[in-house]
Amino acid sequence: MIRLAAALLLLISLPAAAEPTHDELIALINQARADYGLGAVRGNANLGVAARGHAADMATNDFLSHTGSDGRKLVERVAASGYAYAYVSEAVAGGARSPREALHMWLTSANHRDLVLSPEAREVGIGIAHSPHSTYKTYWAAVFGRRFGE
């Protein structure tokens with residue numbers, strides 16, 4: 001039993017970058033950006049904290065919004081992650097079954113497309129959360145940012 005608990009703890013504590021869907025989504029975002037002549041964004045751990053927290057909140061509390069269940073806005077979540085931003089934006093989606101489908105949803109929404117393809121963005125954090133009894137089942141968040149001086 002102790003061995004099982006230790007194995008579960010190890011799985012829970014793995015960083016998000018270890019999940020292939022995060023890396024796959026960043027690669028797809030960068031391909032879309034390249035198609036429009038834009039530079040790539042790189043993964044950022046602090047933005048990932050903000051994105052994962054928001055995706056988990058949406059999944060746990062069964063909602064889809066840029067405002068958290070606690071009323072916090074994106075800028076508050078990003079500041080709480082320790083990311084000192086000069087630019088920050090967020091794309092959210094619910095119900096996509098794969099990174100490719102999430103990106104497709106964002107690129108076919110004018111507002112989200114503008115965020116994904118913003119020339120201001122330099123970094124991104126990805127959050128993906130699942131809740132089988134929720135409306136959308138899978139919730140996605142991509143938090144884009146640029147630090148001061150970059």
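Up top is the structure.
Calculation criteria
Residues numbered from 1 in each chain as written. Predicted model: local features only at pLDDT ≥ 70, side-chain atom pairs only at ≥ 80, totals over all residues. Heavy atoms only, no water. Core = buried A, V, L, I, M, F, W, Y, C linked by side-chain atoms within 4.5 Å. Buried < 20%, exposed > 50% of the residue type's maximum accessible area, 1.4 Å probe, protein only. Helix = DSSP H or I, 4+ residues; strand = E, 2+ residues; numbered from the N terminus. Contact = heavy atoms within 4.5 Å. Salt bridge = Lys/Arg side-chain N within 4 Å of Asp/Glu carboxyl O.

Visitor: Go over the nonpolar core, please, and point to the residues and values.
Guide: Ile 29, Leu 103, Trp 106, Ile 126, Trp 140 and Phe 144 are the most contacted members of the largest nonpolar core, which has 22 residues in total. Put simply, the parts of the chain that give this core at least two residues each are α2 (20-35), β2 (85-94), α5 (99-107), β3 (123-130) and β4 (138-147). Of all the elements, α2 adds the most residues to this core, at five residues. If sequence neighbours within four positions are ignored, Leu 103 has contacts with Leu 25, Leu 28, Ile 29, Ala 32 and Val 116. Judged by nonpolar contacts, the second largest core, of 16 residues, contains Ala 55, Phe 63, Val 78 and Ala 141.

Visitor: Outline the pattern of salt bridges, supporting the account with residue identities and numerical values.
Guide: In the structure shown here, the tally under the stated rule is seven salt bridges. One salt bridge in this structure joins Glu 150 and Arg 42, with 2.7 Å as the shortest N-O distance. With Glu 150 in the segment after β4 and Arg 42 in strand β1 (residues 42-43), the pair connects residues that are 108 residues apart, well separated along the chain. Since its relative accessible area comes to 36%, Glu 150 is described here as partly exposed. In this structure Arg 42 comes out as partly exposed when scored by relative accessible area, which is 41%. In this structure, Glu 101 and Arg 97 form a salt bridge, with 3.3 Å as the shortest nitrogen-oxygen distance.

That is the geometry; function is a separate question.
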